[in-house]
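Below are the chains, spelled out letter by letter.
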Amino acid sequence: MRASITIATRGSQLALWQARHVATRLRTLQPDLEVQLEIIKTKGDVIQDVPLAKVGGKGLFVKEIEEALLDGRADLAVHSIKDVPMELPQGLILGCIPRREEPADCLLSCRCASLDALPQGACMGTSSLRRQAQLLALRPDLRIESLRGNVDTRLRKLREGRYDAIMLATAGLRRLGLSAPHVQILDPERFLPAVGQGALGIECREDAADLFPLLAQLEDTPTRVCVEAERGFLAGLDGGCQVPIAGHARLLSDDELTLTGLVAQVDGSVLLRESVRGHTSLARQLGLDLAATLLSRGGRAILAQLYQQ
């Protein structure tokens, strides 16, 4: 067993919470373990004045962290799974996926209790094309304005009155203990979250076999199965977290799951949505099959147009 471990992480309040949470769990498993954090700025952290969809590319929040793993500056990296591209660099693996937090999105407002209660033409803050598409499908009258920054920064902008409401991941709010006067959690059956939302991924080098027994104790099999299905769907679409794609899997029993996926026009005028169910051992293949179905139903044209733009 190693005497010390270095965890690479972004420097945002939420990323640090996640890394420290994993560090605490590792120390609980091995009390004499020394755990250090290596804080790294990613391209997504540096570029704050441009909507993510316009920055382009995959791995905006992980590339520099993965470089630290590969060159030996860090032993582990803690990511939000939704930020992790489908293809990892050669030599790296997702060594562990711990138990998932609530995957749903939530609406936050200082004056209105719900999405339906927002006034006509209300200003909604989000930089997610996935959220924008689903919001406009439900409320075409909304005025969508870009919102970047850390969770606390976004909440501050809401309190300052720049937006009537904003959209955030429920998991991040819970982990940081943050809230707003009005919070509405949007049921994934109505409003699909991002692929992997609420789940953490602990990345490591594939030759770090001495770490595997420790990481295995943090692994949550139900979460891994659902994430594999969702990421299979994303892989089948060759998509990233900056496009209007959504996916959510849940277990129906120990050996059966259901997966719902969505591809949408950014303006919400078209939402292609389908569900599949099958054996947990086929999780990734179910995702790939669902992607093929949506591509054939018009998703291919939607995504081609988006990438061209």
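Rules used in this analysis
Residues numbered from 1 in each chain as written. Predicted model: local features only at pLDDT ≥ 70, side-chain atom pairs only at ≥ 80, totals over all residues. Heavy atoms only, no water. Pairing = 2+ DSSP bridges. Helix = DSSP H or I, 4+ residues; strand = E, 2+ residues; numbered from the N terminus. Axes fitted to C-alpha atoms, helices over the stretch in contact; angles between N-to-C directions. Contact = heavy atoms within 4.5 Å. Domains from an automatic or database assignment. Buried area = accessible area lost by both parts, 1.4 Å probe. Salt bridge = Lys/Arg side-chain N within 4 Å of Asp/Glu carboxyl O. Polar contact = N/O pair within 3.5 Å; in protein donor to acceptor, adjacent residues only side chain to side chain. Core = buried A, V, L, I, M, F, W, Y, C linked by side-chain atoms within 4.5 Å. Buried < 20%, exposed > 50% of the residue type's maximum accessible area, 1.4 Å probe, protein only. Left-handed = near helix turned anticlockwise from the far one by under 90°. Nonpolar A, V, L, I, M, F, W, Y, C, P; charged D, E, K, R; others polar. Expected span 1.5 Å × (residues − 1).

Novice: Explanation requested: the sheet that holds strand E2 (residues 34-39) in the structure shown.
Specialist: Adjacent strands of a sheet pair through backbone hydrogen bonds, lying either parallel or antiparallel. Within the open sheet, the five strands sit side by side as E2-E1-E3-E10-E4. Their pairing is mixed. For this open sheet the edge positions go to E2 and strand E4 (92-96), each flanked by a neighbour on one side alone. Pairwise comparison of adjacent strand axes, ignoring direction, gives a mean angle of 35° for this sheet. Across four bridges, E4 lies against strand E10 (residues 200-205) in antiparallel orientation. Bridge pairing links Ile-93 to Cys-204 in E10. The strands that helix H1 (residues 13-29) touches are strand E1 (4-9), E2, strand E3 (76-80) and E10; relative to E1, the one it contacts most, it runs at about 160°.

Novice: Honestly, the pairing of strand E11 (residues 245-253) in this entry has me stumped. Any pointers?
Specialist: On a regular strand, each side chain points to the face opposite its neighbour's, so the side chains alternate between the two faces of the sheet. Judged from the eight bridges that link them, E11 and strand E12 (residues 256-264) form a sheet pairing that is antiparallel. Across the sheet, the residue bridging to Ala-249 is Leu-259, located in E12. Hairpin connection, E11 to E12: the antiparallel pair is bridged by two residues.

Novice: Explanation requested: the sheet that holds strand E13 (residues 271-279) in the structure shown.
Specialist: With respect to topology, three strands assemble into an open sheet ordered E11-E12-E13, the strand pairing being antiparallel. In this open sheet, the two strands that pair with only one neighbour each are E11 and E13. Neighbour-to-neighbour, the strand axes of this sheet turn through a mean angle of 15°, independent of strand direction. Where helix H9 (residues 221-237) meets the sheet, it contacts E11 and E12, and its direction lies at approximately 145° from that of E11.

Novice: Looking at this model, I keep getting lost on the domain arrangement of the protein. Mind explaining?
Specialist: In many reports, interface size means the accessible area that the parts give up when they come together. The domain boundaries assigned to the protein delineate domain 1 (1-97 + 199-219), domain 2 (105-185) and domain 3 (220-308). Centre-to-centre, using C-alpha coordinates, domain 1 lies 24 Å away from domain 3. Listed per partner, the contact involves 18 residues of domain 1 and 14 residues of domain 3. Both sides together, the interface formed by domain 1 and domain 3 hides about 1300 Å², and carbon and sulfur atoms give 54% of it. The interface formed by domain 1 and domain 3 contains one salt bridge. Here Glu-219 makes a salt bridge to Arg-224, at a shortest N to O gap of 2.7 Å. On inspection of domain 1 and its partner domain 3, the count reaches five residue pairs in polar contact (both at pLDDT 80 or more).

Novice: For this particular structure, what's the right way to read the nonpolar core?
Specialist: Inside soluble globular proteins, nonpolar side chains tend to come together where they are buried. Ranked by size, the top nonpolar core spans 24 residues in total, and within it Phe-233, Leu-237, Ile-245, Leu-257 and Leu-259 carry the most contacts. Those elements giving two or more residues to this core turn out to be H9, E11, E12 and helix H10 (283-308). A total of nine residues in this core trace back to one element, the largest contributor, which is H10. If you look at the next biggest cluster of nonpolar residues, it comprises 19 residues, including Val-22, Leu-26, Val-78 and Cys-204.

Novice: What is the right way to look at the packing of H9 against H10 in this model?
Specialist: When two helices pack together, their arrangement is given by the angle between the helix axes and the distance between those axes. Between H9 and H10, the shortest axis-to-axis distance is 7 Å and the interhelical angle comes to 35°. H10 is crossed by H9, and the crossing has right-handed handedness. Where H9 approaches H10, its residues Val-225, Glu-228, Ala-229, Arg-231, Gly-232, Phe-233, Ala-235, Gly-236 and Leu-237 are matched on the opposing element by Ala-283, Arg-284, Gly-287, Leu-288, Leu-290, Ala-291, Leu-294, Leu-295 and Leu-303. Across the contact of H9 with H10, the residue classes break down as 12 nonpolar, three polar and three charged.

Novice: Would you mind showing me how to read the environment of Asp-105 here?
Specialist: Looking at where Asp-105 falls in the secondary structure, it is placed in strand E5 (residues 105-109). For Asp-105, a relative accessible area of 0% corresponds to the buried category. For Asp-105 and Leu-168, which are 63 residues apart along the polypeptide, the C-alpha to C-alpha distance reads 5.8 Å. Only 2.7 Å separates the side chain of Asp-105 from the side chain of Arg-131, close enough to count as a polar contact. Of note is the side chain of Asp-105, whose polar atom sits 3.0 Å from the side chain of Gln-197.

Novice: What exactly am I supposed to notice about the pattern of salt bridges here?
Specialist: Any two side chains of opposite charge can pair, on the condition that their charged atoms come close. This structure, assessed with the given rule, holds 23 salt bridges. The salt bridge involving Glu-160 is made with Arg-162; its shortest N-O contact spans 3.0 Å. A residue is classified by how much of its surface remains accessible, and Glu-160, at 44% relative accessible area, is partly exposed. A salt bridge links Arg-250 to Glu-189; the shortest N-O distance between them is 3.4 Å. Placement of the pair is Arg-250 in strand E11 and Glu-189 in the loop between strand E9 (182-185) and E10, with a sequence separation of 61 residues.

Novice: Explain H9 here, please?
Specialist: Note on helix geometry: an α-helix contains 3.6 residues per turn, so any two residues three or four positions apart are oriented the same way. In this model H9 runs 25 Å from its N-terminal to its C-terminal C-alpha over 17 residues, within 8% of the 24 Å that 1.5 Å per residue would give. Burial analysis of H9 places 12 of its 17 residues in the buried class, the great majority of the element. Considered for burial, the residues of H9 that qualify are Thr-223, Arg-224, Val-225, Cys-226, Val-227, Ala-229, Glu-230, Arg-231, Gly-232, Phe-233, Leu-234 and Leu-237. As for H9, its buried residues are in contact with E4, E11, E12 and H10. Note on H9: the residue one or two positions beyond its end, Asp-238, has a positive phi of about 55°.

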